[in-house]
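One letter stands for each residue in the lines below.
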Amino acid sequence: MSTPRIVRAAAIQIAPDFENPDRTVNKVCEAIDEAAARGAQLAVFPETFVPYYPYFSFVQPPVQQGPAHLRLMERAVVVPGPVTDAVAERARARGVVVVLGVNERDHGSLYNTQLVFDADGRLALKRRKITPTYHERMIWGQGDGAGLKVVDTRVGRVGALACWEHYNPLARYSLMAQHEEIHCAQFPGSLVGPIFAEQMEVTIRHHALESGCFVVNATGWLADEQIRAVTPDEGLQKALRGGCHTAIVSPEGKHLAPPLTEGEGMVIADLDMALIAKRKRMMDSVGHYARPELLSLALNDRPATTTQPMHGTPASGTSSNDTGSTRHDHERNPIEPATDDRAAVLRLAAG
């Protein structure tokens, strides 16, 4: 009989520092220290926690967002850079796998980015939210399929999605088909109201059941003074309360500890990895319960770029003014399969 494998996880509900992004990073490092001191091997932080989620975009009209948007750009995280170096070092020093949400700046664009640091400090995954939701489209660019990956870490196979990406069943299936064992979910928290937390709970418990994996979910928290700093309008302030549901769920869809819905703190739970096989022996959505000859997923995992290099010269028998049907590699529709070892489409047939 194999030795039982237990992973202790920490889902961290925490408030950013709106005025000083360095203090927010310090809070991340201190939370990693606390989680490690409590025996955690995995620490999950909220969506775009560094420097902070763009709450302003939910309550301000676009014409007023300019200063706040520029301020967020100035404080955003460059990957790699000083922020990733600091978090990587703390992950290595404490031997903890860390999943952190950041606003990533890539030249003139911002992205909702999830970073997975392995316990040795290695940046195992950088992925960008594939479609910003509603008001977020004024703030962030779109991610691509290159980040829809499950990575091997010291605690197991880890996948991650942000917020309403969990309402994209094909995005979730792409991770399920890669046999994720621990799914790290991130939401902003302090948004929309109690209904957001209720929907969140349904979402993470369903993914745990459907994928047969553990879900560790972290949401952010805003104190009253922070809410007033986002908007002085008392009516709009109501939209920045509630919506917190930091929780850890088993492959059987059960909470492993009471969820945290208010204030800062941590949810700590032990993940018995044997529960994955217990669930999947009855229902493996990407194995014996799948029907790949009927239903399968095509994933374009090629990074999105604004330029495509053109190599070589036209093939023999063709010319620049050839009106035939011959197409060269650089002319291929980007969603069509490549024919060489740079294949852009990964066929994820279940099983």
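Just above, that's the structure.
Bear in mind that the values here come from a model prediction, so they are computed numbers and not experimental data.

Quick notes on the nonpolar core
One finds Tyr-55, Leu-110, Phe-187, Ile-204, Val-215 and Leu-240 to be the most contacted residues of the largest nonpolar core, which totals 30 residues. Every element with two or more residues in this core is listed here: α2 (56–59), α3 (66–75), β8 (182–187), α6 (194–211), α7 (224–230) and β10 (247–249). Ranked by residue count, the leading element in this core is α6, at 4 residues. When residues no more than four places from it in sequence are discounted, the contact partners of Phe-187 are Pro-46, Glu-47, Cys-163, Trp-164, His-166, Phe-196, Met-200, Ile-204, Asn-217, Ala-218, Thr-219 and Gly-220. Residues Val-7, Ala-160, Ile-182 and Phe-214 belong to the second largest nonpolar core, which totals 29 residues.

Observations regarding helix α5 (residues 169–176)
Among the 8 residues of α5, 6 are classified as buried, and the element is accordingly described as predominantly covered. Among all positions in α5, only Ala-171, Arg-172, Tyr-173, Ser-174, Leu-175 and Met-176 are buried.

Regarding the environment of Arg-128
Structurally, the position occupied by Arg-128 is in strand β5 (residues 123–128). A sequence separation of 19 residues divides Arg-128 from Gly-147, and the C-alpha atoms of the two residues are 6.5 Å apart. Not counting the four nearest positions on each side in its chain, Arg-128 is found in contact with Glu-104, Asp-106, Tyr-111, Asn-112, Thr-113, Gly-143, Asp-144 and Glu-165. Here Asp-106 takes part through its side chain, which lies 3.0 Å from a polar atom of the side chain of Arg-128.

A few points about the sheet that holds strand β6 (residues 151–153)
Pairing in this open sheet of 5 strands is mixed, and the strands run β6-β7-β8-β9-β10 from one edge to the other. In this open sheet, the two strands that pair with only one neighbour each are β6 and β10. Taken pair by pair, the neighbouring strands of this sheet meet at an average axis angle of 25°, ignoring direction. As defined by bridge partners, β8 adjoins strand β9 (residues 214–219) across 6 bridges and the pair is classed as parallel. Bridge pairing in β9 links Ala-185 to Asn-217. Strands in contact with α5 are β7 (156–162) and β8; relative to β7, the strand with the most contacts, it is inclined by about 170°.

Quick look at the pattern of salt bridges
Where charged atoms from two side chains of opposite charge approach closely, those side chains can pair. Tallying each qualifying case throughout the model produces 21 salt bridges. One salt bridge in this structure joins Arg-90 and Asp-33, with 2.7 Å as the shortest N-O distance. Here Arg-90, found in helix α4 (residues 82–94), pairs with Asp-33, found in helix α1 (residues 21–37); they are 57 residues apart in sequence, far enough to count as distant. For Asp-224, the salt bridge is made with Arg-241, and the minimal N-O distance between the two is 3.3 Å. Note that Asp-224 is positioned in helix α7 and Arg-241 in the loop between α8 (234–237) and β10, a separation of 17 residues in sequence. A residue is classified by how much of its surface remains accessible, and Arg-241, at 31% relative accessible area, is partly exposed. Among the ionic contacts, a cluster of salt bridges with common partners joins Glu-104, Asp-106, Lys-126 and Arg-128.

Thoughts on the packing of aromatic side chains
Under the definition given, this model contains 6 aromatic pairs. Ring geometry for Tyr-53 versus Tyr-55: centroids 5.0 Å apart, planes at 70°, classification edge-to-face. For Tyr-53, a relative accessible area of 3% translates into the label buried. Arranged with centres 5.4 Å apart and planes meeting at 50°, the rings of Trp-164 and Tyr-167 form a pair that is tilted. Taking relative accessible area as the criterion, Trp-164 reaches 39% and is therefore assigned partly exposed. For Arg-128, the ring lying beneath its charged end belongs to Tyr-111, and the centroid distance is 3.8 Å.

Parameters and conventions
Residues numbered from 1 in each chain as written. Predicted model: local features only at pLDDT ≥ 70, side-chain atom pairs only at ≥ 80, totals over all residues. Heavy atoms only, no water. Core = buried A, V, L, I, M, F, W, Y, C linked by side-chain atoms within 4.5 Å. Buried < 20%, exposed > 50% of the residue type's maximum accessible area, 1.4 Å probe, protein only. Helix = DSSP H or I, 4+ residues; strand = E, 2+ residues; numbered from the N terminus. Contact = heavy atoms within 4.5 Å. Polar contact = N/O pair within 3.5 Å; in protein donor to acceptor, adjacent residues only side chain to side chain. Pairing = 2+ DSSP bridges. Axes fitted to C-alpha atoms, helices over the stretch in contact; angles between N-to-C directions. Salt bridge = Lys/Arg side-chain N within 4 Å of Asp/Glu carboxyl O. Phe/Tyr/Trp six-rings, centres within 6.5 Å; stacked < 30°, edge-to-face > 60°. Lys NZ or Arg CZ within 6 Å of the ring centre and 35° of its normal.

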